[in-house]
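# Analysis of the macromolecular model
What follows is the residue order along each chain.
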Amino acid sequence: MLCGQATSLTKMQLQVLKLMCEGRTSQEVADTLFIGKRTVDFHLVGIYRKLNVSNRIQALVRARELGLV
């Protein structure tokens, strides 16, 4: 079930995740994608839910384990 949820990440969620893996802050991700920081935070909540994690570090580790980044 987790794998199915992880593969259902949206294009924007994947972009956010990849930029986070580069070590960028939420504000830097927002500036890069020309969106607001609150929008980045909204996408992070979706990423956390789909990857079944509760923070940024766990999301990055899980994304790497699943080969998403």
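Please read these numbers as outputs of a predicted model, since none were measured by experiment. (Residues numbered from 1 in each chain as written. Predicted model: local features only at pLDDT ≥ 70, side-chain atom pairs only at ≥ 80, totals over all residues. Heavy atoms only, no water.)

For the structure shown, the criterion picks out three salt bridges. Residue Arg 24 pairs with Glu 22 through a salt bridge whose shortest N-O separation is 3.0 Å. Among the salt bridges present, the one from Arg 62 reaches Glu 65, with a minimum N-O distance of 3.5 Å. With a gap of three residues between them, Arg 62 and Glu 65 both fall in helix H5 (residues 56–65), about one helical turn apart. On the basis of relative accessibility, which here comes to 58%, the residue Glu 65 falls in the exposed class. (Salt bridge = Lys/Arg side-chain N within 4 Å of Asp/Glu carboxyl O. Helix = DSSP H or I, 4+ residues; strand = E, 2+ residues; numbered from the N terminus. Buried < 20%, exposed > 50% of the residue type's maximum accessible area, 1.4 Å probe, protein only.)

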